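Here is how the chains run, residue by residue.
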Amino acid sequence: MKIQTIALNTFKEAIRDRILYLLFFFAAAALAFSRLLAVLAVGDRVKIIKDVGLASISIFGVLMAILIGTGLVYKEIDKKTIYTLLSKPIQRWQFLLGKFFGLVLTLFIMTLAMGLIFLVIVLLHTGKLEGRMLLAILFIFIELVLITAVSILFSCFSTPILSSIFSLSFYLIGHLSWGLETLIQKTRSGAARMALRGLSAILPDLENFNFKTEIVHGLAIDPRFYFFSALYGLVYTLFILALAVLIFKKRDFV
Amino acid sequence: MAAVLEIDNLYKAFKVGFIPKKREILKGISLSVAAGEIFGYLGPNGAGKTTTLKCVLGLIFPDRGKVAVFGHPPLAAKARENLGYLPENPYFYDYLTAAEFLDFYAQLFGLRKKDKEEKIATLLRLVGMEKARDLQLRKFSRGMLQRVGLAQALINDPALLFLDEPLGGLDPLGRKDLRDIIVRLKQEGKTIFLCSHILQDIEMICDRVAIIVGGRVISQGALESLISEKVLFTEVTLSGIDPADLVDLGEPVSTLGDRILLKVFQEDNIENLMALVHERRGRIHSLVPRTETLEDIFVEMVRQG
Ligand SMILES: Nc1ncnc2c1ncn2[C@@H]1O[C@H](COP(=O)(O)OP(=O)(O)OP(=O)(O)O)[C@@H](O)[C@H]1O
Ligand SMILES: [Mg+2]
């Protein structure tokens, strides 16, 4: 109940933030641009539209999550609004979860809006309503939820600029970490290989949420893959949130 | 009467600097506030008043010592169910309107829709901000924010109210309104904890005060027991007399035109002065006895402390 109240207020805050509309505008522009690109390009035009479109949704969604998420908690502390809020009968973890869900709700609506624009563009081109695209978008959203948690975690102890850099690094590492697997294969067994194995276990693997290629190319996917990816997202998000709560609980608000 | 707030031997140090160095801010604060009183927490800038409040509200963690609010530790939700807090220099969500802001806080207390609307209307009227109801808080002036701040502190009808420099930014009328509100709240049986360094305002309404200097409470008690009723001196403004003749009677403070302001310390000198003025056909414009004020005590103690 209290979490819900804070979440709704956070939602209000986010949708009154100009940066959200700026990013949304750019995302819409990129989606429209994908159509233009397809006309100019040679090859499978529909695939280009889908590739560029899904990538735009993902990138602008991540930017929304990071740019808004890293400011949410920091602003409350910096502007001292947190003083009165936490003097009300709410616990600190409720505050943090409220912030999290508020931004998740915002991102849900934004992703949905971008997804609909995308579907319409595809529809205009192919004459078919391709519901399967929504599945790719769903996993983009699951990734956004995780990125939101990460942004909030960093903003519990550092400034928005630093947190943004950290969160962006998390995102990039998460998408490049699968490269480690190749590296491991090429390394001779021994200490170096063990170290790489350990690293790859700790580092997030955000490629788990990437079904874009398979879906765009109409490849079959084992449903278990979907299930494990969703589970991976859930567990990782919970872990990050728990970490954020632990840090936030001990903080002095000065 | 039962204590609603109990602070026992509170210590808090802040780490400052690039290579953290501890600076002790609170050095063993102890005090207790009884139900139904107006308690003044007085001290010069940087004494540690706000820091104490933050410990009480669970916003920062003390290094040592105990705080009990209604017998609960500060972090317990129970402790905060029944209190209100107006921070110094309040600043709130600037993207909300005054009504939305109060509504948000009212929801945190689980007020029902109808009660909520009624409560918000009453509070906005109380602090004189009905007209600004639908104005975004970013467009509020400092004093207007202070007023809305008071409204949010009262949203749950708290039994214990913490006000940190509540008079900051208020115009003279606002100050008077606020004093009236505080006195009314006391009559309703609420307890008020007032941090301030504006003494004239405190003096009129406080039952008990604690004076804090450099992180220590150096004096605590009922206002009457701290201030004596004794007349310190009498200020007399007069004209038509040669200042040289007044030196024996008192201490001339200033002259403006032919008017002289004189501080007279002994009671019998007043009689002599009046006789002199009568004899020389001068005039007395005013005659004001000055008793000891909280300010005198305060200045004295801060100097010693
Ligand atoms: N975050 C902080 N880090 C280091 N020192 C701090 C911090 N916050 C406050 N202080 C120091 O603690 C002391 C007490 O501050 P506090 O805000 O409690 O004073 P105050 O009594 O409320 O003063 P005022 O009347 O000006 O409001 C000051 O010397 C201040 O410099
Ligand atoms: Mg202060």
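A short note on the overall build of chain B
- Helix and strand counts for chain B stand at 10 helices and 13 strands.
- Dimensions of chain B, computed from C-alpha atoms along their principal axes, come out at roughly 75 × 45 × 45 Å.
- Taking all 305 residues of chain B together, 48% fall into the buried category.
- Contacts in chain B between residues at least 24 apart in sequence constitute 68% of all its contacts with a sequence separation of at least 6.
- For chain B, the distance from the average position of its 40 positive side-chain charges to the average position of its 41 negative side-chain charges is 9 Å.

As for the interface of chain A and chain B
- Across the contact, 28 residues belong to chain A and 29 residues belong to chain B.
- Both faces combined, the contact of chain A with chain B buries some 2800 Å², and carbon together with sulfur accounts for 57% of it.
- Per-residue buried area on chain A facing chain B is highest for Arg16(A), Lys88(A) and Pro89(A); these three make up 22% of the total on that side.
- Our count for the contact surface shared by chain A and chain B stands at 4 salt bridges.
- Asp252(A) is the partner of Lys12(B) in a salt bridge, and the nearest nitrogen-oxygen pair spans 2.6 Å.
- Looking at which element gives the most residues to the side of chain A that touches chain B, the answer is helix α4 (residues 81-87) of chain A, with 7 residues.
- Looking at side-chain class alone, the side of chain A that touches chain B contains 9 nonpolar, 6 polar and 13 charged residues.

What to know about the packing of helix α3 (residues 45-78) of chain A against helix α5 (residues 92-126) of chain A
All names here are of chain A.
- Two numbers describe how α3 lies on α5: the axes approach to 10 Å, and their chain directions differ by 160°. By the angle between their axes, α3 is roughly antiparallel relative to α5. The chirality of how α3 crosses α5 is right-handed.
- Of the residues belonging to the contact of α3 with α5, the class tally is 19 nonpolar, 7 polar and 4 charged.

Focus: the sheet that holds strand β3 (residues 38-42) of chain B
Residue and element names in this part refer to chain B.
- The 6 strands lie next to each other as β5-β6-β7-β3-β8-β9, forming an open sheet whose pairing is mixed. Of all the strands in the sheet, just β5 (83-86) and β9 (216-222) have a single pairing partner and so form its edges. Neighbour to neighbour, the strand axes of the sheet diverge by 15° on average, direction disregarded.
- The sheet contact formed by strand β8 (residues 208-213) and β9 spans 6 bridges and is antiparallel. Each residue of the ladder has a partner; that of Ala210, found in β9, is Gln220.
- Strands β3, β8 and β9 of the sheet are contacted by helix α10 (residues 294-304), whose axis makes an angle of about 25° with β8.

Structural notes on the side chain of Arg80(B)
- Mapped onto the fold, Arg80(B) is located in helix α2 (residues 77-81).
- One buried charged side chain, Arg80(B), makes no salt bridge at all; its nearest oppositely charged neighbour is Glu81(B), positioned 8.9 Å away.
- Polar side-chain contacts of Arg80(B) include one of 3.1 Å to the backbone oxygen of Lys88(A).
- Sequence-distant contacts of Arg80(B), that is, excluding residues within four places in its chain, are made with Leu86(A), Ser87(A), Lys88(A), Pro89(A), Ile90(A), Gln91(A), Leu57(B), Pro74(B), Leu75(B), Phe109(B) and Asn156(B).

Reading guide: rules and limits
- Residue numbers restart at each chain and count upward from 1, following the sequence in its written direction.
- Chain letters and ligand numbers both follow the written order, the letters beginning at A and the numbers at 1.
- Restriction of local features to residues with pLDDT of at least 70 applies here, the model being predicted, together with a cutoff of 80 or more for giving and counting side-chain atom pairs; totals for whole chains, interfaces and linings are based on all residues.
- Only heavy atoms go into the side-chain values, all of them from the structure, while hydrogens and water stay out.
- Secondary structure is summarised from DSSP: a helix means a run of H or I of at least four residues, a strand means a run of E of at least two, and numbering begins at the N terminus for each.
- Only protein chains enter the area calculation, which uses a 1.4 Å probe; residues under 20% of their type maximum are buried, those over 50% are exposed, and those in between are partly exposed.
- Note on definitions: a residue-residue contact is assigned when non-hydrogen atoms from the two residues lie within 4.5 Å.
- Here the positive residues are Lys and Arg and the negative ones are Asp and Glu; neither His nor the chain ends is included.
- The atoms used to mark charge sites are NZ of Lys, CZ of Arg, CG of Asp and CD of Glu.
- By convention, the term buried area covers the 1.4 Å-probe accessible surface removed from two parts as they join, with the contributions of both added.
- Every case where a carboxyl oxygen of Asp or Glu lies within 4 Å of a side-chain nitrogen of Lys or Arg is listed as a salt bridge.
- Basically, the charged four are Asp, Glu, Lys and Arg, the nonpolar ten are Ala, Val, Leu, Ile, Met, Phe, Trp, Tyr, Cys and Pro, and anything else, Gly included, counts as polar.
- Note on geometry: axes are C-alpha line fits, over the in-contact stretch for helices, and angles between N-to-C directions span 0 to 180 degrees.
- An angle below 35 degrees is treated as roughly parallel, one above 145 as roughly antiparallel, one from 65 to 115 as roughly perpendicular, and anything else as oblique.
- Should the near helix be turned anticlockwise from the far one by less than a right angle, the crossing is termed left-handed; should it be turned clockwise, right-handed.
- Paired strands, in this sense, are two strands between which DSSP finds at least two bridges.
- For this analysis, a polar contact is any N or O atom pair within 3.5 Å, provided that within protein one partner can donate a hydrogen and the other can accept it, and provided that sequence-adjacent residues contribute only side-chain to side-chain pairs.

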